[in-house]
Amino acid sequence: MLIKDIFYSYQGEGLWIGYPQIFIRFYGCNIHCTYCDEPDIKAQKKVYAPEQVLKAVKEFQDKPIHSISMTGGEPLAHYQSIQALAPYLKYPLYLESNATLPEALDEVKHLFRYFSMDYKPGYELLFKKSMQVLSGRDHVFVKYVLLADFIEQELLFLAQTLADMNTDLPLVIQPVTPFASITQSPTKDDIQRAIDLASRYLDHVRVIPQTHKYLGLK
């Protein structure tokens, strides 16, 4: 399996922010967002056998651990590796996904307790299918990365799609952290505009930045 890194840190995004986790960061993604802060760099690609992953995870067993985050890249691009690993991991599993691989999600959804699902404009149909796969599951939230020049119609689609499923689904609006070609953060007015729009349809909308970036953590 292709893995970029296995490390111990604290969840920096979304509803479970601040919880201590072991992160298994898979290498490679099926899409490439302009604001991605974990781009594919071949020099960082490592090949692991399942027993090597388990050995790396075991090194953190004496620390407080809320869950194991499967992240990336896109972890669902490696769903067969997840199937191989999951039976041997004793902690709850937390999925961080771009929500564009609904068939893979359907294969492994029973292995995870927590779901952080991104909405990527341009992949609306795949997003809807992914959320339908998770219909009725607990511990699911959706994250929308807010750009300075965000398009209201994209956020409107997201809010209406979630509201049609369940108005209680939490939506986290995450102001983009400048990186690479992204040089500008959204303004306070941008953030308020996004909150106002999404809150017309959803009961639980909040703004949460990438806190690990402020703390200088992985």
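Shown above is the structure to which this text applies.
Read on for a plain summary of the structure. (Residues numbered from 1 in each chain as written. Predicted model: local features only at pLDDT ≥ 70, side-chain atom pairs only at ≥ 80, totals over all residues. Heavy atoms only, no water.)

Quick word on the state of the cysteines
Part 1 of the argument: Enumeration according to the criterion identifies 0 disulfides in this entry.
Part 2 of the argument: Summary of cysteine pairing: Cys29 is not part of a disulfide, and the nearest cysteine sulfur, belonging to Cys33, is at 6.6 Å.
Part 3 of the argument: Note on Cys29: relative accessible area 23%, which makes it partly exposed.
Part 4 of the argument: Take Cys33: its relative accessible area is 23%, and that puts it in the partly exposed class. (Disulfide = S-S within 2.5 Å. Buried < 20%, exposed > 50% of the residue type's maximum accessible area, 1.4 Å probe, protein only.)

Some thoughts on helix α6 (residues 188–199)
Part 1 of the argument: Its 12 residues give α6 an end-to-end C-alpha distance of 16 Å, which sits within 8% of 16 Å, the value for a rise of 1.5 Å per residue.
Part 2 of the argument: Elements in contact with the buried residues of α6: β7 (140–146), α5 (152–165), β8 (171–175) and β9 (205–207). (Helix = DSSP H or I, 4+ residues; strand = E, 2+ residues; numbered from the N terminus. Expected span 1.5 Å × (residues − 1). Contact = heavy atoms within 4.5 Å.)

Quick look at the pairing of strand β6 (residues 114–118)
Part 1 of the argument: Of all the 5 residues making up β6, 5 are buried; the element is thus mostly covered by neighbouring parts of the structure.
Part 2 of the argument: Between the parallel elements strand β5 (residues 93–97) and β6, the chain passes through helix α3 (residues 102–108) in a crossover that is right-handed.
Part 3 of the argument: Pairing between β6 and β7: 4 bridges, direction parallel. Across the sheet, the residue bridging to Ser116 is Phe141, located in β7.
Part 4 of the argument: At this point the chain moves from β6, through helix α4 (residues 124–133), to the parallel β7, and the crossover so formed is right-handed. (Right-handed = clockwise from strand over helix to strand, strands pointing away. Pairing = 2+ DSSP bridges.)

Some words on helix α1 (residues 50–58)
Part 1 of the argument: If you check which residues of α1 are buried, you get Val53, Ala56 and Val57. What you see down the axis of α1 is that its buried residues fit within an arc of 100°, all on one side. Facing away from the buried surface of α1 by more than 90 degrees, the exposed residues are Glu51, Lys55 and Lys58.
Part 2 of the argument: In the core, the buried residues of α1 are packed alongside β1 (2–10), β2 (20–26), β4 (67–71) and α2 (79–85). (Arc of directions from axis to C-beta.)

Re the side chain of Ser9
Part 1 of the argument: The residue Ser9 is located in strand β1 in this model.
Part 2 of the argument: Excluding its chain neighbours within four sequence positions, the residues that come into contact with Ser9 are Tyr19, Pro20, Gln21, Phe23, Leu217 and Lys218.

A word on the pairing of β2
Part 1 of the argument: Most of β2 is tucked away: 7 of the 7 residues are buried.
Part 2 of the argument: Pairing geometry for β2 and β4, over 5 bridges, is parallel. Paired with Phe23 across the bridge in β4 is Ser69.

Focus on the environment of Val53
Part 1 of the argument: You can see Val53 is positioned in helix α1.
Part 2 of the argument: Distance in space between the C-alpha atoms of Val53 and Leu85 is 8.1 Å, their sequence separation being 32 residues.
Part 3 of the argument: If we skip the residues at most four places from it in the chain, Val53 touches Met1, Ile3, Ile6, Ile24, Tyr48 and Leu85.

Some remarks on the nonpolar core
Soluble globular proteins: nonpolar side chains tend toward being buried together.
Part 1 of the argument: Core analysis: the largest hydrophobic core is formed by 55 residues, its most contacted members being Ile6, Ile22, Ile24, Val53, Leu158, Leu162 and Leu171.
Part 2 of the argument: The greatest single-element share of this core, amounting to 6 residues, is contributed by α5.
Part 3 of the argument: Apart from the residues within four sequence positions on either side, Ile6 is in contact with Ile22, Phe23, Ile24, Tyr48, Val53, Ala56, Val57 and Phe60. (Core = buried A, V, L, I, M, F, W, Y, C linked by side-chain atoms within 4.5 Å.)

As for the sheet that holds β6
Part 1 of the argument: Ordered in space as β3-β1-β2-β4-β5-β6-β7-β8-β9, the 9 strands form an open sheet in which the pairing is mixed. The open sheet has two edge strands with one neighbour each: β3 (46–47) and β9.
Part 2 of the argument: Here β5 pairs with β6 via 4 bridges, running parallel. Residue Tyr94 lies in a different strand from β6, and its bridge partner there is Tyr114.
Part 3 of the argument: On top of the sheet, α1 reaches β1, β2, β3 and β4; it is set at about 15° to β1, its chief contact.
Part 4 of the argument: Where α5 meets the sheet, it contacts β7 and β8, and its direction lies at approximately 170° from that of β7. (Axes fitted to C-alpha atoms, helices over the stretch in contact; angles between N-to-C directions.)

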